[in-house]
Structures are given as structure tokens and as C-alpha cells.
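# Residue-level structural notes
One letter stands for each residue in the lines below.
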Amino acid sequence: MEEFFENELVTKFEEMIENNEERYFDTEEYEDIIIYYLEMGDISFAETAVKYALKLHPKSLEIKIKKFEVLLELENYTLAKELMDDLKESSMESTDFLVCCAKYYSNLGNPRRAIEYCETALLLEEEENFLHNFMADEYVNLEDPFKALKHYKLALTFDQNDEYSLENTMFCYNQLNRGEDAIEFLNNYLDKYAFSETGWFEYGQFYFNRKNYEEAIKGFDYLLAINSQSVGVYANKAACFEAMGEWLKAVEVYEEMLALEYTKSFTFYKIGLCYKENKQPVLALNAFQKSLRDDPQFYLSMMEQSYIYEEMGGMKEALYFAKEAVSLNDNNLDYQKRLAFLYIDSGKFEESLACMKTLIDFEPTRFYNWYAYSEVLMLIGDYEDAVAILKKATKMHNRAELFYQLSNCYFHLNNQKDGRKALSVALELDQDLLEGMKQKYPFIREEAEKVKTKKK
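The model shown is predicted, which means the values in this text are computed figures rather than measured ones.

Looking now at the UniProt feature "repeat: TPR" (unreviewed entry) in the protein chain. UniProt's feature table lists "repeat: TPR" (unreviewed entry) at residues 197-230 and 265-298, given in the numbering used throughout. As annotated, residues 265-298 comprises 79% helix and 0% strand, and the C-alpha atoms at either end are separated by 7 Å.

Here it is, written out as C-alpha cells:
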């Protein structure tokens, strides 16, 4: 890989451009230079290399085909089509040209035509692995997993170590609901290629998805025996133990992960969750604290500490960590709801209002957000703001509860007329709520009878 990045030809080419010089590169050298830029994703330099190459070798079919490829990367399909038509007569024996034609039609959403070009290219008996994968991908686009499966398996016959083919073979089996065929195929593959990391990973995933966690762990253990540095596999193995409720075994696996990781905050967080599930709050807190030492802004661990402190009766600490978590992730509405609850539970009603405002701004269709917001405003005696909020709320939610609240606010503001009007609407919508509302809002007790009498 290092040699690829330090490509001598490319260095000479770039020096030529930088120094405004003229140097000779043959067609094969220019092909290599263009391929380098295409593989690096530097399409601008690939285009520049094509221009220089055609200036020096204007009749080279190979360079023209590379220009075709660059035009496709630039999504310049008009010029690509013109060039494709120009090259057809002379380049139908070129695999690269046929692949570019297939890419052209694939990019334009014509997978069947793309497949036709791949089939023609296969006759040349080059790049069979790539071509079968290409065709399989097109059949996936056509929602034909049966034919896609056929070609992914054919791709594997030309490159048994092709992870992409193997993964997608299993994907197609899954799409076709052919679980028994899938595991039979995979077992046969692993009999031949026992050191395939992708094979054992797919084995583990196959059984994990079928909730056979013991067998999944076997697959992940085989993989770790081949490559003990596969950090992600430890996470999959730990997930198996979590699914089985074996929380302490999951912790053991996560602790093995820690030795391999540079950033450990998420793993400590997962350890904390396991201890929490195992009813060991002190150990859970310790893990969450380690998570925050590794990353002081890891809000997931902050909020989990808030939950644990609440369970332990430490409401002050619960509120503190909830505030910290919200400050780092204020768009999380579940966090906003939790912080509002903790403020209210602590008697800090005014502090909860900012959370309530966020909730009605982002979730205006949730009735309870409006109901709770107006309730808090009434608790602090801010009846005018409560009326403004409730007027907006009743336009979205024609609910009796809101009109009972609105009537209470008007009565507190000595606006008997609007209070009775709102109460009348509330009674029409749901009179069964009246007794409960009388308990909450004393003004309604005597006014309700007046409204009822007036109706009669």
C-alpha cells in the first residue's frame, strides 16, 4: 500500500506539470497514472492525465477508454455516450471498454442493458470475478435475489477470498429465506477455507440472527482464534452474552476489548450497562465514570449516571448529570423530557420551562407536551402565559383537559366570562373528567354548577 501511495510514475507526472515541462510517457505508463488517480478518487487529476496522454497518443484506444471511464466518474453522460459510440466498432474485444459500457447503463438506471455488456465481456475470459459481482449487483437492483445469488457464487469460484461475494451470497440466501441452504453453503465453504475471517463472521451472524447465541459465539471464537485483534468481533460476542442475560460474561469480553482499543469510552459505557442490568449500580457508576474520563463529552454515560443516581435516591446528582447530558445533546427530546421531570421533581418549576418549550417546538402534535407545559405555568402562577399556550394548544388538540386548564386560568385572572365559556366547552367534550378537575382546580367546583345551570 505504501508503494502505491509513493507511485514513482505519478511523482514524475506531477513534477512535469508543476515545472511546466514536457516528458515522454508511453501509453501503458499513462494508463497506470490514470488508474492511480481513479483509485485514489482524484478525478480532477485523472482528467488532467487523460488530456496529457491524448495529446501525446491521440490514437490510443486504451487512453480513449480511460477517458470514457473518467467521463463516467464526472457524470458527463452526454460526452460519455458520444465516446462510447465512437469506440464501439474498434473496442468490442476490450474488457475495459465493455465494463465502461456496463457502468454507463447501470448509472443511467438500465441494469438489464448493463448485464448484457457484462455477459459479452465474460466471453473474453478476463476479470470474471469482477464481472459476476457486477452482474449480481445489477440483479439486486432488479430485485431478483435468485439470479444475484447465482452470480455472487460464480464470482467466488474465481476468487475464493472475495469477502464482498461471500457477504452478498449470504445476504441473498437471507432474502430468499433459504436458511438451511445458506448454512450448508457456509459450512462447505469453511471446510475448504477454514481460516476465512469473513466466513466465520458470517457464521456467527447467521446464528445470532436466529437467536442461537451459543453457536454464534462458536463462530466468533473461531474468528478470534484466527485474528485476536478483530475488535468488532468482541463486540458481537459480547452482544451474544447480553442477549442471553449473561451480563458478567459480556463484561469479561468487553474488558478484553479494552486492551485493543485506543478510544475506550463506548466500551466502558457498555460495561456500565451490563452492570446496571445485573443490578450492580456501584460497579455500573464506576464504569460510566471511566467512560467520561476517557471522553468528558460522552453524554450517553452522563445520562446513565443520572438514571442510577435517581434509583439510589441521589436526586441532586441525577439532575446534575441530566443537565450535563442535555447541554451536549439538546436535540434529544427524551433527554429534554427527563430533565423537565427532574426539575419538576426537585421543585424547580421555572427551570423546567425551557425543556417544555423545546418539546412543544419539536413535538407540537403530542398533546401531553402542551398539557404539561401549561400545568407548570399554572404552578408558578403565570396564568397569562398559560392562557397564550393553551390557546395555541386547543387549535391543535380539541381535548377537554386543555379547556379545563384554560377555564382555570381565566378564573384566576378574574375573567369569569371566558372562564365559563372554556368550561362549557370542556364539559361538552368530556364531562366525566369534571370530578378530577375539581380536585386539581378549586375554582372549577363552584363555577361548574353555574355553567350546568345556565345550560339547563
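Still more to cover.
Glancing now at the layout of surface pockets. Considered as a void within the structure, the largest pocket measures approximately 330 Å³ in volume. Forming the boundary of the largest pocket are 13 residues, of which Lys66, Glu69, Asp96, Val99 and Lys103 lie nearest the centre. Elements supplying a minimum of two residues to the lining of the largest pocket: α3 (27-40), α5 (61-73) and α7 (95-107). The greatest single-element share of the lining of the largest pocket, amounting to five residues, is contributed by α7. Split into classes, the residues belonging to the lining of the largest pocket amount to five nonpolar, one polar and seven charged. Of the pockets and cavities examined, the second largest pocket occupies roughly 250 Å³. Forming the walls of the second largest pocket are 14 residues, and the residues nearest its centre are Ala340, Ile344, Met356, Tyr368 and Ala372. Going through the elements one at a time, α21 (333-345), α22 (349-362) and α23 (367-379) are the ones with two or more residues in the lining of the second largest pocket. Examining the composition of the lining of the second largest pocket, we find that seven residues originate from one element, α23, more than from any other. Grouping the constituent residues of the lining of the second largest pocket by class yields 10 nonpolar, one polar and three charged.

This brings us to the pattern of salt bridges. A side chain with one charge may pair with a side chain of the opposite charge, provided their charged atoms come close. As enumerated under the stated definition, the model contains 20 salt bridges in all. Residues Glu21 and Arg23 are paired through a salt bridge, measuring 3.1 Å at the closest nitrogen-oxygen approach. Judged by its relative accessible area of 31%, Glu21 is partly exposed. For Arg23, a relative accessible area of 31% translates into the label partly exposed. Its salt-bridge partner being Glu401, residue Arg399 comes within 3.0 Å of it at the nearest N-O pair. One connected set of salt bridges, linked through shared partners, spans Glu15, Glu21 and Arg23.

The rules we used
Residues numbered from 1 in each chain as written. Predicted model: local features only at pLDDT ≥ 70, side-chain atom pairs only at ≥ 80, totals over all residues. Heavy atoms only, no water. UniProt positions renumbered as here; feature names shortened; annotations may be inferred. Helix = DSSP H or I, 4+ residues; strand = E, 2+ residues; numbered from the N terminus. 1 Å grid on protein atoms, 1.4 Å probe; cavity = no way out; pocket = protein on both sides within 12 Å on 5 of 7 lines; lining within 4 Å. Points joined across faces, edges and corners; volume = space filled by probe spheres on them. Nonpolar A, V, L, I, M, F, W, Y, C, P; charged D, E, K, R; others polar. Salt bridge = Lys/Arg side-chain N within 4 Å of Asp/Glu carboxyl O. Buried < 20%, exposed > 50% of the residue type's maximum accessible area, 1.4 Å probe, protein only.

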